[in-house]
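Structural overview
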Amino acid sequence: MSQPTSATGRSEPPRYNFRETEAKWQKAWEAAATFKATADQSRPKYYVLEMFPYPSGRIHMGHVRNYTQGDVVARYRRAKGFNVLHPMGWDAFGLPAENAAMEKKVHPKTWTYQNIEAMKAQLKVMGLSLDWSREVATCDPAYYRHQQKMFLDFWKAGLAYRKEAWVNWDPVDNTVLANEQVIDGKGWRTGATVERRKLAQWNLKITHFADELLKRLDTMDRWPEKVRLMQANWIGKSEGARVFFELTGAGVEPGETLEIFTTRPDTLFGASFMAVSPDHPLATRLARHDPALADFIADCRRTGTSAAEIETAEKKGYRTAVSVKHVVKPGETLPVYVANFVLMDYGTGAIFGCPAGDQRDLDFARKYGLPVIPVVLPPGESPADFVIRDVAYVDDGTLYNSGFLNGLPVADAKRSIIRHLEENGVGKGTVQYKLRDWLVSRQRYWGCPIPAIHCESCGVVPVPAQDLPVTLPDDVEFDTPGNPLDRHPTWKHVACPSCGKPARRETDTFDTFIDSSWYFDRFTSARCTTAPFDRAEHEYWMPVDQYIGGVEHAILHLLYSRFWTRAMRTVDLADRDEPFAGLFTQGMVCHETYRAADGSWLFPDEVKHGEDGAVVRASDATPVSVGRSEKMSKSKKNVVDPDQIIRDYGADTARWFMLSDSPPERDLEWTEAGVAGAWRFQQRLYRMLGGAIAGLPPAGAARPPAFSDAATALRRAAHRAIIGVGEDVERFHFNKGVARLYELANAIEAFKPTTDADRWALRETLDIFVRLIGPMTPHLGEELWQMLGGQGLLADASWPTPETALLADDEVTVAIQVNGKLRATIRLAKDTAKDAAEAAALALPETQRAMAGKPAKKVVVVPNRIVNIVV
RNA sequence: GCCCCUGUGGCGGAAUGGUAGACGCGGCAGACUCAAAAUCUGUUGCCCGCAAGGGCGUGUUGGUUCGAGUCCGACCAGGGGCACCA
């Protein structure tokens, strides 16, 4: 491929020098503080936000795509007259900094701030319309002191609590993970198999808002359906009943009950056993006098939690010495098992088994020879013939073998049995959620310290507000695994704020998802020292009107942020219910993968594409196998460095390519040819404008009274593009907006002005064109704007207003079909009467030929669209 | 296993139930050039045909409709989410 910046030939027009030009306009924007946002009640606000990056040290193409999309929206909204807030910051706490400390002997703080500086420089050359005066880094005590204060407020309000619990322990990172961070039984970051440990941990009571978090999803119409669905599934609401069974047998207190949760109380008459989790208190108690049960429980704990293990794990149970009395069949008892498939942390950790109505229960019953009593008769079956074999019947039907429920459909039977249970005091209808509380303790150094103190006499006490922030000590060592805070010689020793006796600081730090649960609130007044944010500013700017980021945060980050917003409302810090009014999830950036003959991965710039289509290694011309396009990742080396692309082609080319071709929600295939095409278009526009500008009337010249047909057609194209591109940007159809701009550029180039009126029309069209392209390629836009003699900066120019008269057609193309097949098209005056359109269609020779002399049975006329003749 | 999304030229992708393939990439032919690059012009879904023209085409298969890429049913393929949640 050609070097885009190679020397030009003698007689060629000057090339667009993006390097100088991009730097020039970046300086101009900075000097004019163009993107600095100030709250202004008299203007409508628009808050655009892209998910802030972790400061890994270098931006990647995913960032480029994300920030380009946000920048187009931000610049477009500015042009439309909105007061735009478009800030940027750093999700700066987290494990990679500690790993770097261990590997490279550099302090996490030093490493992080160096990375921030490097990435900031990279973002600056992208030409983003960011208000850097609001920059925040979550590792800054000026940021996290407010986080600590909010935590104390939440604690006081009962939204934060400590609980001893079985936790997911990542043996590589030596830390606890939230349930959401365990994927297929592996740590989300390390991929290590998660172990179970019992520890006292801090939790945030997200379950308190379970129902509200679920219900509000329905009203969030500017969120992708997919994300709302994922969150709804995650919250996992199910309605059912709790039922209390009286226990009998050795070691049971008189009147003691076993409480179970079920979504199918209607099948109670089909119960044939009870099962409790190996972690259930009853199991633990019975195991004390039953060594075989103790062995069984230990065995269950050894079984891993990975998907594969669960998939293949056999249903196993242990028949305990106790039974329960059947709640609806007086005189009958049911055996109580401890079963490996019953989860302790869902419902009550105990179930009743109805083998006929649940596949797991059926498998279990077959294995242990328990009765299978069918209680729901499928439609069209007769009670005498219907039998359950290997498949449980879980669908709707009519109840039978079920006493007073007989003859009822499932829904009615549920209502009836719940009423019965409640009247007899042996159960009640309840709602159950899958959502668990958010475990936020992490045994790490590089995170926000949890502001709590452990005192032997007073228990766990909050750090007094005036002592905040609790800052991290700088003098820490990373040569041994575990938490450096815990090992620090002095940091954790402190006097108890309540009794003054020696006490010890909490050495756990917060999950970094807390840091990102309110950074968008902080941006509304990032330098506020007295509170997390100024309430009036917050009130003005929030909610975020358009949030943009990866779908991988569909659950964790977005759900936590929705929780945090509600928690702040609870402690009267803010009034909002939802933080993000609009959400857009962008697709990944992908690239082909390359492998050398020895199987090792190759970077795209290590391979050469030959004339004959063969792909070889650049260094030695050995063959390379080309793999399918996948998400860019360091491990497969299919990465392209944004820095290099911007250096070779400029930021506008990178931006334009990111926006063209692929719809933004889909994956984007990064190709050299595509980039080259984007580059050529930048050059073409520069040439086009340079060539057209000479001889045009000055900006602001009086509009001529009349235009030629060609000029009118051009003006029509331009004015329609104003509406079209605007709608495309608002709907995130950037690729369509790009296509429209190509079309307008094509129309401009095809237009050859011959009169003054033509030249006026051409200037008008160029002016419109430059304003429309500004949000996408802002540097080139400014340069063209200046060439056109535009006033001030294009970044401050308004989106053009179309002339209504030019938006309507006076002639339309109408398709003529015979029996639904296209035979011709004709031009008709707009809104031609139906019978006139029909007559025109029938008169056409193409129509006559296709009708082959047969009479028209029926003619369908859709005005301005189509005439369909049925013969 | 359950839930969701997506299948359109060589490729990325356009199409309020109304002209399928906009726009771009790539290809082909030509102009400019000593030559190339760059640039410009034309052309480009497939098949038959010198042409005029005709036929076929949106994963497969049924249906609704004057008319289906679009709506409905079944199936196939790819992707994503959840997963012993009672």
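Residues numbered from 1 in each chain as written. Chains lettered and ligands numbered in written order. Predicted model: local features only at pLDDT ≥ 70, side-chain atom pairs only at ≥ 80, totals over all residues. Heavy atoms only, no water.

Chain A is annotated in an unreviewed UniProt entry as Leucine--tRNA ligase of Vineibacter terrae. You can read under Sequence similarities (unreviewed entry) in the UniProt record for chain A the words "Belongs to the class-I aminoacyl-tRNA synthetase family." The UniProt entry for chain A carries the following text under Catalytic activity (unreviewed entry): "tRNA(Leu) + L-leucine + ATP = L-leucyl-tRNA(Leu) + AMP + diphosphate". (UniProt positions renumbered as here; feature names shortened; annotations may be inferred.)

The helix and strand inventory of chain A stands at 27 helices and 37 strands. Dimensions of chain A along its principal axes, counting C-alpha atoms only, are 105 × 85 × 65 Å. Per-residue burial for chain A yields a buried fraction of 52% across its 871 residues. Total accessible area on chain A is roughly 39000 Å²; 52% of this is exposed by carbon and sulfur atoms. Here chain A contributes 107 positive and 112 negative side-chain charges, whose respective centroids are spaced 1 Å apart. (Helix = DSSP H or I, 4+ residues; strand = E, 2+ residues; numbered from the N terminus. Buried < 20%, exposed > 50% of the residue type's maximum accessible area, 1.4 Å probe, protein only. Areas by Shrake-Rupley, 256 points an atom, 1.4 Å probe, with all protein chains shown as cover. Lys, Arg positive; Asp, Glu negative; His and termini not counted. Charge placed at Lys NZ, Arg CZ, Asp CG, Glu CD.)

Below, the discussion takes up the side chain of Asp266. Counting through the fold element by element, Asp266 comes out in the loop between β11 (257-262) and β12 (273-276). Ignoring anything within four residues of it in the chain, the contact list for Asp266 reads Val376, Leu399, Leu405, Val410, Ala413, Lys414 and Ile417. (Contact = heavy atoms within 4.5 Å.)

As a further point, take the pattern of salt bridges. Once their charged atoms are close, side chains differing in charge can pair, the charge on each being opposite to the other. Overall, the coordinates contain 48 salt bridges when judged by the stated rule. Of the charged contacts in the structure, one is a salt bridge between Arg58 and Asp643, with a shortest N-O distance of 3.0 Å. Taken together, the positions of Arg58 in the loop between β1 (45-50) and α2 (61-79) and Asp643 in helix α18 (residues 642-649) put the pair 585 residues apart, joining distant regions of the chain. Lys636 is the salt-bridge partner of Glu630, the closest N and O atoms lying 2.8 Å from each other. By relative accessible area, which is 25% here, Lys636 ends up partly exposed. A single salt-bridge network, built from bridges that share partners, covers Glu212, Arg216, Arg562, Arg566, Arg569, Asp577 and Glu578. (Salt bridge = Lys/Arg side-chain N within 4 Å of Asp/Glu carboxyl O.)

The next point concerns the protein's contact with RNA strand B. In the vicinity of RNA strand B lie 51 residues, with Thr263, Lys315, Arg360, Lys736 and Asn868 positioned nearest. Protein-adjacent atoms of RNA strand B, using a 4 Å cutoff, are sugar or phosphate at a proportion of 62%. Arg680 is positioned such that a nitrogen or oxygen atom in its side chain is 3.3 Å from a phosphate oxygen of RNA strand B. Between Arg687 and RNA strand B, the recorded distance is 3.4 Å, taken from a side-chain N or O atom to a sugar or linking oxygen. With six residues, the top contributor of residues to the surface near RNA strand B is helix α22 (residues 734-750). Classifying every residue of the surface near RNA strand B gives 21 nonpolar, eleven polar and 19 charged. (Near = heavy atom within 4 Å. Polar contact = N/O pair within 3.5 Å; in protein donor to acceptor, adjacent residues only side chain to side chain. Nonpolar A, V, L, I, M, F, W, Y, C, P; charged D, E, K, R; others polar.)

For helix α19 (residues 651-659), the buried fraction is high: nine of the nine residues fall into the buried class. The complete set of buried residues in α19 reads Ala651, Asp652, Thr653, Ala654, Arg655, Trp656, Phe657, Met658 and Leu659. Just downstream of α19 lies Asp661, where phi reads positive at about 65 degrees.

Okay, the sheet that holds strand β22 (residues 459-462) next. Paired through backbone hydrogen bonds, the strands of a sheet run either parallel or antiparallel to each other. The sheet built from four strands is open, its strands ordered β22-β21-β24-β23 with antiparallel pairing. Only two strands of the sheet have a single neighbouring strand rather than two, namely β22 and β23 (493-495). The sheet shows a mean angle of 40 degrees between the axes of neighbouring strands, taken without regard to direction. As paired strands, strand β21 (residues 452-455) and strand β24 (residues 502-505) are joined by two bridges and run antiparallel to one another. Within β24, the residue paired with Ile453 across the bridge is Arg505. (Pairing = 2+ DSSP bridges. Axes fitted to C-alpha atoms, helices over the stretch in contact; angles between N-to-C directions.)

This paragraph deals with the UniProt feature "short sequence motif: 'HIGH' region" (unreviewed entry) in chain A. The UniProt record annotates "short sequence motif: 'HIGH' region" (unreviewed entry) at residues 53-63. What you have in residues 53-63 is 27% helix and 0% strand, and the ends, taken at the C-alpha atoms, are 8 Å apart.

All right, on to the packing of helix α20 (residues 672-693) against helix α23 (residues 756-773) then. Direction vectors running N to C along α20 and α23 enclose 150 degrees, while the axes themselves pass 11 Å from each other. Here α20 lies roughly antiparallel to α23, going by the angle between them. In the packing of α20 onto α23, the handedness of the crossing is left-handed. When α20 is examined against α23, the residues Phe681, Leu685, Met688, Leu689, Ala692 and Ile693 are found in contact with a partner set consisting of Leu762, Arg763, Leu766, Phe769, Val770 and Ile773. In the contact of α20 with α23, the residues fall into eleven nonpolar, no polar and one charged. (Parallel < 35°, antiparallel > 145°, perpendicular 65-115°, else oblique. Left-handed = near helix turned anticlockwise from the far one by under 90°.)

Our focus in this paragraph is α23. Its 18 residues place the ends of α23 26 Å apart at the C-alpha level, agreeing with the 26 Å of an ideal helix rising 1.5 Å per residue. α23 sits mainly inside the fold: 15 of its 18 residues count as buried. (Expected span 1.5 Å × (residues − 1).)

As summarised here, the arrangement of the four strands in space is β35-β34-β37-β36, forming an open sheet in which the pairing is mixed. Only two strands of the sheet have a single partner each, and these edge strands are β35 (821-829) and β36 (858-862). For this sheet, the mean angle separating the axes of adjacent strands, direction not counted, is 20 degrees. Pairing analysis gives four bridges linking strand β34 (residues 811-818) to strand β37 (residues 866-870), with the strands arranged parallel. Its bridge partner lying in β37, Ile816 is registered against Val867. Together, β34, β35, β36 and β37 form the strand contacts of helix α26 (residues 834-843), whose direction differs from that of β37 by roughly 65 degrees.

To continue, consider the nonpolar core. Nonpolar side chains tend to gather and get buried jointly when the protein is soluble and globular. Counting 171 residues, the largest nonpolar core has Trp438, Trp564, Trp670 and Phe769 as its most contacted members. With ten residues, the single largest contributor to this core is α23. Of the residues that make up this core, three or more belong to each of domain 1 (148-208 + 440-513) and domain 4 (692-806). Apart from residues lying up to four places away in sequence, Trp564 is in contact with Met150, Phe154, Leu204, Trp438, Ile514, Ser517 and Trp518. By size, the runner-up hydrophobic cluster in this structure holds 48 residues, among which are Val243, Ala287, Ile417 and Ile418. (Core = buried A, V, L, I, M, F, W, Y, C linked by side-chain atoms within 4.5 Å. Domains from an automatic or database assignment.)

What follows is about the state of the cysteines. Across all of its chains, the model carries zero disulfides by this definition. In this structure Cys499 is a free cysteine whose sulfur lies 3.6 Å from that of Cys458, the closest cysteine sulfur available. Taking relative accessible area as the criterion, Cys499 reaches 35% and is therefore assigned partly exposed. (Disulfide = S-S within 2.5 Å.)

Leu468 connects to Pro469 through a cis peptide bond whose omega is 0 degrees. Relative to the helices and strands, Pro469 is located in the loop between β22 and α13 (484-487). Following Met542, the chain continues to Pro543 via a peptide bond in cis, the omega torsion being 0 degrees. Tracing the backbone through its elements, the reader meets Pro543 in the loop between α16 (535-541) and β26 (546-550). Look at Asp572: it is not a glycine, yet its phi comes out positive at around 60 degrees. Mapping Asp572 onto the fold places it in the loop between α17 (556-570) and β27 (583-586). Unlike most non-glycine residues, Ala852 shows phi in positive territory, near 50 degrees. Its location among the elements puts Ala852 in the loop between α27 (845-851) and β36.

A word on the pairing of β24. Within a regular strand, side chains alternate between the sheet's two faces. In this structure, β23 lies alongside β24, joined through three bridges in antiparallel fashion. Counted as the bridge partner of His493 is Arg504 from β24. Between β23 and β24, which follow one another and run antiparallel, lie six residues, and Gly500 among them has a positive phi close to 85 degrees.

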